[in-house]
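# Per-entry structural report
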Amino acid sequence: MLPLFNKKMKKNILIIGGGGREHAIAIALKKSPDVGKLYAIPGNAGMSEICECHSNITAMKLDKIIDFIASHPDIYLTMVAPDDPLAAGLVDKLNAKGFRAFGPSQLAAEIESSKVFSKGFMARHNIPTARYEAFDNFDLALAYIKDHPLPLVIKADGLALGKGVSICNTLVEAEAALKNTMQDLAFGSAGRSVVIEEFLTGFEVSVLAFCDGETVVPMVSASDYKRAHNGDAGLNTGGMGTISPSPSYTNDMAKIAMETIFLPTVKEMKSEGREFKGVLYFGLIICDGVPKVIEYNARFGDPETQVILPRLKTDLLEVFDACIDGTLDKINLQWEDNATVCVCLASGGYPLNYNKGEEISIGNNLDKDITIYHAGTAIDKNGKLVTNGGRVLNVVATAENLVTARSIAYANISKVYFKNMHYRTDIGLNR
Ligand code: AMP
Ligand code: GLY
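None of these values were measured; they are calculated from a predicted model.

### What about unusual backbone geometry?
Cis geometry marks the peptide bond from I41 to P42, where omega comes out at -5°. Along the chain, D302 connects to P303 via a cis peptide bond; the corresponding omega equals 15°. Summarising the element assignment, P303 is placed in the loop between β17 (290-297) and α10 (305-308). The backbone phi angle of D232 is positive, close to 55°, even though this residue is not glycine. By the element assignment, D232 lies in the loop between β13 (227-229) and β14 (233-236). Residue N420 is not a glycine yet carries a positive backbone phi of 65°. The residue N420 is located in the loop between β24 (416-417) and β25 (421-422) in this model. Relative accessible area serves as the criterion here: at 46%, N420 is assigned to the partly exposed category.

Encoded structure:
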């Protein structure tokens, strides 16, 4: 059972996850006067400076996480950041044990973990999105692509690390993508079903929102640079950089999105018995001024969080509590009137094969407006900071506007080095 916490006690928090997003969440929580000790499972080398990291447990070891919390009665709240444990029902399991947790239930998280569900949901409630058809039969899907105008977008139903989407300009590409997804199961069982969508043109913007089941409060906007190389070329990645705000997203668009997308989504998730509590991420595309949903995520985005949370003035723990307790309508979210740019420093080869264990050096002369969030880092057996993933570090600059933030970010990257480091040089441009 949850121990009793009184208002005066500092609150200890466990963060599930170990990327740049979780490091940004940890730093934002640490600003709260009410936050005491932070724990992380598994965490990373950067997080270990402010969190007690338990890297021997991973985010999908749900039973071990429950045992850990049971043996740490000082933990007030567990914040579940990544998609996989949310989709696997970690929040439900924690609640069933009487542990307080931030994040959507398994049923609510299906808005991200099943594109067949989310597209059907939008169709049922007239939420604007690309026209589509869903298939679990390869031959029927094949017949559909032969009969519909190109380009077509083929998406694996389930979670696929952002890689399950193929934009197909020719029939040959579309057939290959279908075979790869549905028959060769390149994304595992996530690709047993697919949705096939019309291709939309417009600019994309990410709007994350806090939700308490009824109230939805959008955060400041962000833009993600998803492709591996400059000029939006190369393979899709988890995100090579972000900026906030998104310069093209106007107040008028935000108003339309609120009325036609954000409010109906939260209302109808509740009406379908999938009350959404946590962070709901709206991946939007603006087509001739009309916002449409490209995708929903049931969590903070990565690397969107790294540019959004540094701009938040309100106490993040207060917001988490309000989402859980259904009191979000009482919170007045406050943001800095500034801009942030995040450049991801990735391992050479990412998003395909890359080396781990390369030594990282970070100069001690970084500008004061720079925060480095660790994504894939570890401390090796000799005590050295080394690479431990595809996206290694996020260099985030804060300034009064995007142009200045961009130049500060790039000026400081020259002070960071690891072998085969690669990054885009156009983050902050062309959005
Ligand atoms: P998703 O994982 O669904 O966000 O898709 C990954 C990326 O594919 C998006 O950020 C878009 O750039 C692109 N995309 C997905 N669906 C569409 C669509 N219907 N039309 C155009 N581009 C799309
Ligand atoms: N940056 C996109 C995501 O978090 O899914």
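### Observations regarding the pattern of salt bridges
Under the defined criterion, the tally for this structure stands at 23 salt bridges. A salt bridge links K226 to E295; the shortest N-O distance between them is 3.6 Å. Separated by 69 residues along the polypeptide, K226 in the loop between β12 (223-224) and β13 and E295 in strand β17 bring together distant segments of the chain. E295 sits in the buried class, given a relative accessible area of 18%. A salt bridge links D426 to R424; the nearest nitrogen and oxygen atoms lie 2.9 Å apart. Look at D426 and you get buried, because its relative accessible area is 8%.

### Side note on the site of ligand 1
Near ligand 1 you find 14 residues, and of these E197, L200, E204, K226 and E295 are the closest. At a separation of 2.8 Å, a nitrogen atom of ligand 1 approaches a polar backbone atom of L200. The protein chains hide 92% of the 470 Å² of surface that ligand 1 would expose on its own. Where the shell around ligand 1 is concerned, the elements lending two or more residues are β7 (152-156), β8 (165-168), β9 (194-198) and β17.

### As for the packing of aromatic side chains
We describe a pair of aromatic rings using the distance from one ring centre to the other and the angle between the two ring planes. Applying the stated criterion across every chain yields a total of 11 aromatic pairs. Here the aromatic residues F117, F121, F262, F282 and Y296 are joined through ring pairs into a cluster of three or more. Sitting over the ring of Y76, K11 keeps its end group 4.7 Å from the ring centre. Against the face of Y225 rests R431, its NZ or CZ located 3.9 Å from the ring centre.

The rules behind the values
- Residues numbered from 1 in each chain as written.
- Chains lettered and ligands numbered in written order.
- Predicted model: local features only at pLDDT ≥ 70, side-chain atom pairs only at ≥ 80, totals over all residues.
- Heavy atoms only, no water.
- Helix = DSSP H or I, 4+ residues; strand = E, 2+ residues; numbered from the N terminus.
- Buried < 20%, exposed > 50% of the residue type's maximum accessible area, 1.4 Å probe, protein only.
- Salt bridge = Lys/Arg side-chain N within 4 Å of Asp/Glu carboxyl O.
- Near = heavy atom within 4 Å.
- Polar contact = N/O pair within 3.5 Å; in protein donor to acceptor, adjacent residues only side chain to side chain.
- Areas by Shrake-Rupley, 256 points an atom, 1.4 Å probe, with all protein chains shown as cover.
- Phe/Tyr/Trp six-rings, centres within 6.5 Å; stacked < 30°, edge-to-face > 60°.
- Lys NZ or Arg CZ within 6 Å of the ring centre and 35° of its normal.

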